[in-house]
Amino acid sequence: MGSWSGTVVLLVTISAAVLSTPLINQLQPGQEWPQLVKQPSHESVEVISEKSTGEVEGELVIVKPQVDKTEPEDEGNEDEVTPEIDFKTKSLIEGKEDTQKVDYTGAQLWKVSTQKDGWRIVLSRLRRRNLISTWGTNGTTIDILVQPHAIQNVTNALKRENIPFDVIIEDLQTRINQENPPLDENEIELQDRRGHRMNWKQYHRLEDIHGFLDYLAKTYPAIISVKSIGKSHEGRDIKLLRISNGNPTNKAVFIDGGIHAREWISPATVTYFINQFAENFDVEHDDIKNIDWYFIPVLNPDGYEHTHVRDRLWRKNRRPGSGLRGCAGVDLNRNFGYRWGGKGTSNYPCSEIYRGPRAFSEPESKAVQEFFQNTAAKFSAYLTYHSYGQYILYPWGYDNAVPPDHNDLNDVGNNMAQAIKSVGNDNYMVGSSSNLLYPAAGGSDDWAKSLGIKYAYTIELNDQGTYGFILPTQYIEPVAKESLASLRVLAAAVHKI
Ligand SMILES: *[C@@H]1O[C@H](CO)[C@@H](O)[C@H](O)[C@H]1NC(C)=O
Ligand SMILES: *[C@@H]1O[C@H](CO)[C@@H](O)[C@H](O)[C@H]1NC(C)=O
Ligand SMILES: [Zn+2]
């Protein structure tokens, strides 16, 4: 492909003993690996540098071999596997962004089997040539976005190797166009009478979400308050809503949504929780009433707005790019300050998993850090909502290890998954992030756990790759409703600590 031709690609493979079973060590927050215990070092490490242009400083790509049933994507290492953006497309996008929406006409989503190691290598090659980008994976299949101009070549490559695949979405732009239809007249009229514009029949702009939070604080001042805990790069408020009955012995639960811009179901679900508790507080279960709830429905407001007006598939925040290439954005879920810079992160600003120049370099993650530094609340749980894949994941994410109380995390996670199953009949898998998916350092859940917050989870909401990030609006209510059932299970567990 163009951007790679005429470049020198240097591959250094460090192979180490391949372990047949995942190595699980129990590490306390902050505890180092014992001197005599080898870290799980069964990755191959590829260092790729693009010498001729000097644009790519060298990206560390972790390739984890098959561990158990889980087969992570090569450099994906994400709560959902992430694509590298074609450098040229990328700078075109950046240059034209004031006038144009990114168009995904002709792009397709395919589900490809990764049951053999060799197949994943074929996919890695296609990804490096920028013919595909990767979305989600479940261990036996991976979802790939195929660029329109690459469909023939990718088809040939997969057929040549006998790799099974299905076309899941024929034309991504059509799906994007259908995803979030405008409301009808009746609904608009209803909104005007209600005092806010929020509902769960639509994905909303930030203004509607923030307007809803302010409306609740104004309507229920005895139990609800809203404040801005900081401003994004582009100056948008990072709004935090607190619900509390004021009982001084309450434990606290923190919930963030919208760290990743394109995962629209996340803010929709978190605002659904808020609405349920706020509008029904008097009749809510005591488990709910006797917790101080803290919600940030949109932790990445710039990115969220960007997905509405420019690029539906934008993931990171909107840190401005610098230098010639000027790739924008940091992956906020690689920017939190526990084991920052470790596996499954990139130091390359154009990467979708760019961790930023240092821990908490971003105003959005920094705001959360400062909030926790200054609060007197006693947090017992931290939930961060993402999509997609249907997972309930607990630490550690940075490496293949679990905290000492992993049995508690696993038990409560399983009970949460059961609640989801009984309400909405959706299957959620439960496990530690690094073990079930792949290592990714710098996530908000690891950082929360490192602060001593017992129940720290990343929830990957629906679906399992039928629509992926482009989940139609009719799924909002069922997904949020079953998730609420799991939140009730968590609340009960918090009271039992
Ligand atoms: C992954 O998804 C595929 C296709 O939907 C399914 O057949 C397979 O059983 C799934 N694998 C796991 C481990 O859930
Ligand atoms: C597709 O394959 C052909 C033949 O191998 C090659 O010449 C062409 O450059 C490829 N196209 C892309 C977009 O990679
Ligand atoms: Zn995410």
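Each chain carries its own residue numbering, running from 1 in the direction its sequence is written. As they are written, the chains are lettered A onward and the ligands numbered 1 onward, keeping that order. In view of the model being predicted, local features appear only for residues whose pLDDT reaches at least 70, and side-chain atom pairs are presented and counted only at 80 or more, with totals across whole chains, interfaces and linings using the full set of residues. Excluded from the side-chain calculations are hydrogens and water; all other atoms, namely the structure's heavy atoms, are used.

Points about the coordination of the zinc ion (ligand 3)
Six octahedral donors at a metal ideally form angles of 90 or 180 degrees, and four tetrahedral donors ideally form angles of 109.5 degrees.
Next up, step 1: Water is absent from the atoms considered, so a metal site may look incomplete; donors are defined as N, O and S atoms within 2.8 Å of the metal, or 3.2 Å for Na, K and Ca. Every protein donor of the zinc ion (ligand 3) is accounted for by H260 (ND1), E263 (OE), E263 (OE) and H386 (ND1), and the metal-donor separations fall at 2.0 to 2.3 Å.
Next up, step 2: For the zinc ion (ligand 3), the donor residues sit on a single chain with the sequence spacing H-x2-E-x122-H. This pair shows no difference in class: H260 is buried, exactly as E263 is. Exposure is judged per residue with a 1.4 Å probe applied to protein chains only, and the accessible area is read against the type maximum: over 50% gives exposed, under 20% gives buried, and values in between give partly exposed.

Focus: the site of ligand 1
Next up, step 1: The local shell around ligand 1 consists of K111, N138, T140 and T141.
Next up, step 2: Note that a nitrogen atom of ligand 1 is positioned 2.8 Å from one of the side-chain N or O atoms of T140.
Next up, step 3: Burial of ligand 1 by the protein chains amounts to 44% of its free accessible area of 360 Å².
Next up, step 4: Here the term charged refers only to Asp, Glu, Lys and Arg, the term nonpolar to Ala, Val, Leu, Ile, Met, Phe, Trp, Tyr, Cys and Pro, and the term polar to all other amino acids, Gly among them. Looking at the shell around ligand 1 residue by residue, the class counts come to no nonpolar, three polar and one charged. Residues are classed as near a molecule or strand on a simple rule: at least one heavy atom within 4 Å of it. Think of a polar contact as two N or O atoms within 3.5 Å of one another; within protein, one of them needs to be a possible hydrogen donor and the other a possible acceptor, and neighboring residues in sequence only count if both atoms come from side chains. For the accessible areas, the method is Shrake-Rupley and the probe is 1.4 Å, while residue cover comes only from the protein chains on display.

Description of the confidence of the model for the protein chain
Next up, step 1: The quantity called pLDDT is the predictor's confidence in a given residue, expressed from 0 to 100. In the predicted model, the protein chain carries a mean pLDDT of 83, and 80% of its residues have values of at least 70.
Next up, step 2: Contacts were defined at the residue level, with two residues in contact if any of their heavy atoms lie within 4.5 Å. Scored below 50 in pLDDT, residues 1-93 shows 250 contacts in the model against residues more than four places distant or in partner chains.

Re the sheet that holds strand β7 (residues 224-231)
Next up, step 1: Two strands are said to pair when DSSP picks up at least two bridges between them. Counting from the N terminus, the helices are DSSP H or I runs at least four residues long and the strands are E runs at least two residues long. Read across the sheet, eight strands follow the order β7-β8-β10-β9-β11-β14-β12-β13 without closing on themselves; strand pairing throughout is mixed. Strands with a single pairing partner mark the edges of an open sheet, and in this sheet they are β7 and β13 (429-432). Each strand of the sheet is rotated relative to its neighbour by a mean of 20°, with strand direction disregarded.
Next up, step 2: Bridge count between β7 and strand β8 (residues 237-243): six bridges; the pairing is antiparallel. Bridge assignment links V226 to a residue of β8, and that residue is L241.
Next up, step 3: Note on method: axes are straight lines fitted to C-alpha atoms, helices fitted across the in-contact stretch only, with angles between N-to-C directions ranging 0 to 180 degrees. Against the sheet, helix α10 (residues 363-374) contacts β7, β8, β9 (251-257), β10 (291-296) and β11 (379-387), and its axis sits at roughly 125° relative to β7.
Next up, step 4: Taken strand by strand, helix α11 (residues 406-424) contacts β12 (391-394), β13 and β14 (455-461), and its axis lies near 35° from that of β14.

Here we look at the pattern of salt bridges
Close approach of charged atoms lets side chains of opposite charge pair.
Next up, step 1: The salt bridge criterion pairs a side-chain nitrogen of Lys or Arg with a carboxyl oxygen of Asp or Glu, the two atoms within 4 Å. One pass over the structure, following the stated rule, counts 19 salt bridges.
Next up, step 2: Beyond isolated ion pairs, a larger network of salt bridges with shared partners links D405, D408, K449 and K454.

Quick word on the side chain of E364
Next up, step 1: Its place among the elements puts E364 in helix α10.
Next up, step 2: The charge count treats Lys and Arg as positive and Asp and Glu as negative. His and the chain ends do not count. One buried charge, E364, has no salt-bridge partner; the nearest side chain with opposite charge is R319, at 7.7 Å.
Next up, step 3: Only 3.1 Å separates the side chain of E364 from the side chain of N317, close enough to count as a polar contact.
Next up, step 4: In contact with E364, other than residues within four places in its own chain, are S232, H233, I238, L299, P301, D302, N317 and L332.

Regarding the pairing of β13
Consecutive side chains along a regular strand alternate between the two faces of the sheet.
Next up, step 1: As paired elements, β12 and β13 share four bridges and run parallel to each other. Looking at the pairing, Y394 lines up with S432 of β13.
Next up, step 2: The handedness of a crossover follows from its direction of travel: if, with the strands pointing away from the viewer, the path from the first strand over the helix to the second runs clockwise, the crossover is right-handed. In this fold, the crossover linking β12 to β13 by way of α11 has right-handed handedness.

Description of the environment of K449
Next up, step 1: Within the secondary structure layout, K449 lies in helix α13 (residues 444-450).
Next up, step 2: Accessibility expressed as a relative area gives 6% for K449, which makes it buried.
Next up, step 3: For the pair K449 and A381, spaced 68 residues apart in sequence, the C-alpha separation works out to 8.8 Å.
Next up, step 4: Separated by 2.8 Å, the side chains of K449 and D405 make a polar contact.

Digging into the packing of aromatic side chains
By convention here, two paired aromatic rings are described through the distance between centres and the angle between planes.
Next up, step 1: Think of it this way: a Phe, Tyr or Trp ring, Trp meaning its six-membered ring, pairs with another when their centres are within 6.5 Å, and the plane angle makes it stacked under 30 degrees, edge-to-face over 60, tilted otherwise. Within the structure shown, the criterion is met by 31 aromatic pairs.
Next up, step 2: An aromatic cluster is built from F254, Y294, F336, F360, F371, F372, F379, Y382 and W447, whose rings are joined through pairwise contacts.
Next up, step 3: We call a charge positioned over a ring when the NZ of a Lys or the CZ of an Arg lies within 6 Å of the ring centre and within 35 degrees of the ring normal. Over the face of the ring belonging to W314 we find R318, whose NZ or CZ atom lies 4.5 Å from the ring centre.
Next up, step 4: Sitting above the plane of the W340 ring, R355 keeps its charged end 5.3 Å from the centroid.

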